[in-house]
Amino acid sequence: MLLDHVIFSQQFTVPILMELFNRTDQMRKIVKRGGTLDYQKKIMATLFYAPSTRTRFSFEAAMFRLGGNVLSTEQAKMFSSEIKGEMLEDTIRIISNYCDIIVIRHHEEGGAKRAAEVSSVPIINAGDGSGGQHPTQALLDLYTIYNECKTLDGLSVAIIGALDKGRTARSLAYLLSKFERTKIYFIAPEEMQIKQDILDHLDEKGISYELSSTTDKIINKVDVVYQTRIDKDRLKGKEMDLSVYNIDQEVLKKMKKNSIILHPLPRSVEISHDVDTDKRAAYFRQSENGLYVRMALISFLLDKNSQ
Ligand code: CP
């Protein structure tokens, strides 16, 4: 059955995405009213084995705004029984007896899938490993594009950063591949380009894409710039000018007037702070949308499981 657990963004169909986005619009209104008590008997557990600000806080705020309760461990690697050698599968078997839904960020690629294989309640992947996926980030990214651009068809999207290990970039590419006439430009240093599995998927779906190591000649023709971090530690002493990937006032001048800039955040230096006041800078609206999208997803999964 579709969506018993949310592990990969490929699981979402266009009708389910549209249902979730309609729910998301409702959730925005519900939050404006202060929330609902509709899910007051429900419990969500959040198990984060790797650091997070936005994802954990927005999931937990989402559950509280729905009227539910949250069980949480701040740093599961240290404050769960993993430190005594307990395997992930045992931890999930136990915790799934205490709650109605589990949100997990695991340091290993495939961690959320392993959890889903033994859980008696829905598992939501809040990011697995480096190079895995972050499907709920992609949902809020796509919702933001829809909300800002008013369409998901015929869009040109530049995805910039260390894309080989970029789980948000990977998950977003899978979602974008579901829409008509999408064009994706993957912009990254050559050794950090998007992996072949994504390109194979786009080929299978007939989605047009280009690979580039510079933003020149691309930034002026896209509707969406999806910027991500490039971790300097990965350069291992190599000389490389990463500032060519940054978005600053000069890059803004070249961008289309009605384009938008997204970033999953946190950012480092790749978007100058003076870009924030430009109306095309949509990344703080994007992170706010994370609350509404996650409320929509939690309520969708809880409703589905109580039928
Ligand atoms: N975008 C994102 O996943 O942010 P956090 O790591 O702060 O959760």
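The structure presented is a predicted model; accordingly, all values stated were derived computationally and were not measured. (Residues numbered from 1 in each chain as written. Predicted model: local features only at pLDDT ≥ 70, side-chain atom pairs only at ≥ 80, totals over all residues. Heavy atoms only, no water.)

J.: Would you take a moment to explain the packing of helix 6 (residues 135-149) against helix 10 (residues 283-305) for this structure?
T.: The geometry of a pair of packed helices is captured by two quantities: the angle between their axes and the separation between those axes. Close contact between helix 6 and helix 10 brings their axes to 8 Å; oriented N to C, the two are set at 115 degrees. In terms of axis orientation, helix 6 runs roughly perpendicular to helix 10. Between helix 6 and helix 10 lies a crossing of right-handed hand. Each of Thr136, Gln137, Leu139, Leu140, Asp141, Tyr143, Thr144 and Glu148 in helix 6 lies in contact with helix 10, whose residues at this interface are Arg285, Gln286, Asn289, Gly290, Val293, Arg294 and Leu297. Partitioned by chemical class, the residues of the contact of helix 6 with helix 10 number 5 nonpolar, 6 polar and 4 charged. (Axes fitted to C-alpha atoms, helices over the stretch in contact; angles between N-to-C directions. Helix = DSSP H or I, 4+ residues; strand = E, 2+ residues; numbered from the N terminus. Parallel < 35°, antiparallel > 145°, perpendicular 65-115°, else oblique. Left-handed = near helix turned anticlockwise from the far one by under 90°. Contact = heavy atoms within 4.5 Å. Nonpolar A, V, L, I, M, F, W, Y, C, P; charged D, E, K, R; others polar.)

J.: I keep staring at the domain arrangement of the chain and nothing clicks. Help me out?
T.: A common way to express how large an interface is: the accessible area buried when the components associate. Its domain assignment divides the chain into domain 1 (9-133 + 290-305) and domain 2 (135-286). The centre of domain 1, based on its C-alpha atoms, is set 25 Å off from the matching centre of domain 2. With 27 residues of domain 1 at the contact, the number on the domain 2 side is 23 residues. Summed over both sides, the interface between domain 1 and domain 2 buries roughly 2300 Å², with carbon and sulfur atoms accounting for 63% of that surface. Put simply, domain 1 and domain 2 have 0 salt bridges between them. The tally of links between domain 1 and domain 2 comes to 12 residue pairs in polar contact (both at pLDDT 80 or more). Listed by contribution, the elements that provide at least two residues to the side of domain 1 that touches domain 2 are helix 1 (14-32), helix 2 (54-65), strand 4 (123-128) and helix 10. Looking at the side of domain 1 that touches domain 2, the element that brings in the most residues is helix 1, giving 8 residues. Within the side of domain 1 that touches domain 2, the residues separate by chemical class into 10 nonpolar, 11 polar and 6 charged. (Domains from an automatic or database assignment. Buried area = accessible area lost by both parts, 1.4 Å probe. Salt bridge = Lys/Arg side-chain N within 4 Å of Asp/Glu carboxyl O. Polar contact = N/O pair within 3.5 Å; in protein donor to acceptor, adjacent residues only side chain to side chain.)

J.: Sorry if this is basic, but what is going on with the side chain of serine 299 here?
T.: When you line up the elements, serine 299 lands in helix 10. Residues within four places of serine 299 in sequence aside, it is in contact with Arg23, Met27, Tyr39 and Leu66.

J.: Before we go on, may I ask you to explain the site of the ligand in this structure?
T.: Taken together, Ser52, Thr53, Arg54, Thr55, Arg105, His134, Gln137, Pro264 and Leu265 make up the full set of residues adjacent to the ligand. The contact in question runs from a nitrogen atom of the ligand to an N or O atom on the backbone of leucine 265, over 2.9 Å. Across the complex, the protein chains shield 90% of the 250 Å² of accessible surface that the ligand would expose by itself. Taken atom by atom, the bulk of the ligand overlaps the largest pocket. Residue composition of the shell around the ligand, by class: 2 nonpolar, 5 polar and 2 charged. Two domains each put at least three residues into the shell around the ligand: domain 1 (9-133 + 290-305) and domain 2 (135-286). (Near = heavy atom within 4 Å. Areas by Shrake-Rupley, 256 points an atom, 1.4 Å probe, with all protein chains shown as cover. 1 Å grid on protein atoms, 1.4 Å probe; cavity = no way out; pocket = protein on both sides within 12 Å on 5 of 7 lines; lining within 4 Å. Sits in = over half its atoms within 2 Å of the grid points.)

J.: Sorry, what's going on with the nonpolar core here?
T.: Among soluble globular proteins, nonpolar side chains are generally buried collectively. Phe12, Leu20, Ile145, Ile159, Phe186 and Ile298 are the most contacted members of the largest nonpolar core, which totals 64 residues. Among the elements that take part in this core, helix 10 stands out by supplying 10 residues, more than any other. Residues from two domains meet in this core; each of domain 1 (9-133 + 290-305) and domain 2 (135-286) gives at least three. For leucine 20, the contacting residues outside a window of four places in its chain are Phe12, Leu139, Ala296, Leu297 and Phe300. Of all hydrophobic cores here, the second largest spans 24 residues; its members include Leu235, Leu242, Val251 and Tyr283. (Core = buried A, V, L, I, M, F, W, Y, C linked by side-chain atoms within 4.5 Å. Buried < 20%, exposed > 50% of the residue type's maximum accessible area, 1.4 Å probe, protein only.)

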